[in-house]
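Here is how the chains run, residue by residue.
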Amino acid sequence: MTERDGLERRGLLGALGGGVIAGIAGCLGGDDEDDDSQAQVYEPTMEGVEEGPVEFGDDDSCAVCNMSVQEYFGGRGQLVHENGLGATFESPGCLFAYIASSTPDSPITGAWTVDRRTGDLIDATEAHFVLITDKEAADDPMGIDPRPYADREDAVAFLEEWDAEDLNPEEDIIVGLDEVDLEIASIYRGSRLPDE
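Each chain carries its own residue numbering, running from 1 in the direction its sequence is written. Local features in this predicted model are restricted to residues whose pLDDT is 70 or higher, and side-chain atom pairs enter the listing and the counts only when it is 80 or higher, whereas totals over whole chains, interfaces and linings include all residues. Computation of side-chain values covers all heavy atoms of the structure but excludes hydrogens and water.

Student: Tell me what's going on with the pairing of strand S1 (residues 77-81), and back it up with residues and numbers.
Tutor: Across the five residues that make up S1, a large majority, five, are buried. Exposed residues in this analysis have more than 50% of their type's maximum accessible area, buried residues have under 20%, and partly exposed residues fall in between, with area computed by a 1.4 Å probe over protein chains only. The helix and strand labels rest on DSSP assignments: H or I over at least four residues marks a helix, E over at least two residues marks a strand, and numbering proceeds from the N terminus. Because side chains alternate across S1, one face comprises the buried residues Gly77, Leu79 and His81, and the other comprises Gln78 and Val80, equally buried. As judged from the four bridges shared by S1 and strand S2 (residues 86-89), these two strands associate in the antiparallel manner. Residue Val80 lies in a different strand from S2, and its bridge partner there is Gly86. When DSSP finds two or more bridges between two strands, those strands count as paired. Taking the residues between adjacent antiparallel strands as the criterion, S1 and S2 are bridged by four residues, where Gly84 takes a positive phi near 90 degrees.

Structure (structure tokens):
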């Protein structure tokens, strides 16, 4: 391991161990107490989806940031609503923003994302997401994104690679999709979410 690797790992640990609150506060922005903004409701981008996942098309764009899902294929995802509408995402951070801030008329019946280790499309409702918060240590094109893994052991192994033995993966460092709320989503897409 090089000295730079050690510094990056220490930076990640510092951000994960103590910087989550600061990161959330920075992403939320503004402290205007009179702000009556409502949560952004993102619109589905696909119609007629009986079940998923479906093959990504060349024209699919992210329901949150409107970027092409083909541009950032390493982290793309999708979900399906009970009414046959669906949405695609160019990254797990955008999936988080959609789930945490949308209040669609139809419940979500399935969601998928790409496993960070294998590159395979996996069930996002069963995935284990490592909450990455250090912009310097992350190598994600969109800045920082949660890292999804199908197997919890892979998520823990990722943390161990970053000398995370003094961190407890059971405490908010690895979360399931059902735990994602506006506070967590704001770490990744705070500029696309309402101020609290």
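Right, picking up where we left off after that structure.
Student: Could you give an account of the nonpolar core, with specific residues and numbers?
Tutor: Here the nonpolar core consists of buried residues drawn from Ala, Val, Leu, Ile, Met, Phe, Trp, Tyr and Cys, with membership extended through side-chain atoms lying within 4.5 Å. With 37 residues, the main nonpolar core has Val64, Phe89, Phe96, Tyr98, Val130 and Leu177 as its most contacted residues. At the level of elements, S2, helix H3 (92-101), strand S5 (128-130), helix H4 (152-161), strand S7 (174-175) and helix H5 (182-189) are the ones that each hand at least two residues to this core. Any two residues whose heavy atoms approach within 4.5 Å at even a single point are treated as in contact. Leave out the neighbours within four places in its chain, and Leu177 touches Leu95, Phe96, Ile99, Ala111, Ala124, Thr125 and Phe129.

Student: So what's going on with H3? Which residues, and what values?
Tutor: Burial runs high along H3: nine of the ten residues are buried. Contacts made by the buried residues of H3 are with S1, S2, strand S3 (108-114), S5, strand S6 (147-149) and H5.

Student: Lay out the state of the cysteines with the relevant residues and their values.
Tutor: Throughout this description, disulfide means a covalent bond between two cysteine sulfur atoms. By convention in this document, the label disulfide applies to cysteine sulfur atom pairs within 2.5 Å. This model, assessed by the stated rule, comprises zero disulfides. Free of any disulfide, Cys62 has its nearest cysteine sulfur in Cys94, 3.7 Å distant. The exposure class assigned to Cys62 is buried, which follows from its relative accessible area of 2%. You can call Cys94 buried: its relative accessible area is 0%.

Student: Describe the environment of Gly84, and please don't skip the residues or the numbers.
Tutor: Relative to the helices and strands, Gly84 is located in the loop between S1 and S2. Once the C-alpha coordinates of Gly84 and Val49 are considered, the two residues, 35 residues apart in sequence, prove to be 4.6 Å apart. In this structure Gly84 touches Met46, Glu47, Gly48 and Val49, once residues within four positions along its chain are discounted.

Student: Kindly report on the packing of H3 against H5, identifying the contributing residues and their values.
Tutor: One can describe the packing of H3 onto H5 by two numbers: an axis separation of 8 Å at closest approach and a directional angle of 145 degrees. Considering only the axes of H3 and H5, their crossing is left-handed. Counting all contacts with H3, which are made through Gly93, Cys94, Phe96, Ala97, Ala100 and Ser101, the residues of H5 involved are Leu182, Ile184, Ala185, Tyr188 and Arg189. All axes here are fitted lines through C-alpha atoms, helices being fitted over the stretch that makes contact, and every angle between N-to-C directions spans 0 to 180 degrees. Note on convention: near helix rotated counterclockwise from far helix by under a right angle means a left-handed crossing. Clockwise means right-handed.

Student: Just give me the short version of the pairing of S3, but keep the residues and values in it.
Tutor: A regular strand carries its side chains on alternate faces of the sheet. Counting buried residues along S3, five of its seven residues qualify, which places the element largely inside the surrounding structure. Examined bridge by bridge, S1 and S3 share five bridges and lie antiparallel to one another. Paired with Gly77 across the strands is Thr113, a residue of S3.

Student: Can you lay out the packing of aromatic side chains for me, pointing to particular residues and giving the numbers?
Tutor: Two rings from Phe, Tyr or Trp (for Trp, the six-membered ring) form a pair when their centres are within 6.5 Å of each other. A pair whose planes differ by under 30 degrees is stacked, one over 60 is edge-to-face, and the rest are tilted. Taken as a whole and judged by the stated rule, the model has four aromatic pairs. Geometrically, the ring pair formed by Phe89 and Tyr98 is edge-to-face, given 5.2 Å between the ring centres and 70 degrees between the ring planes. Judged by its relative accessible area of 1%, Tyr98 is buried. Between Tyr149 and Phe158, the ring centres sit 6.2 Å apart and the planes meet at 35 degrees, which makes this aromatic pair tilted. Judged by its relative accessible area of 5%, Tyr149 falls in the buried class. One aromatic cluster is present, formed by Phe96, Phe129 and Tyr188 through successive ring pairs.

Any link to function would need more than the numbers given here.
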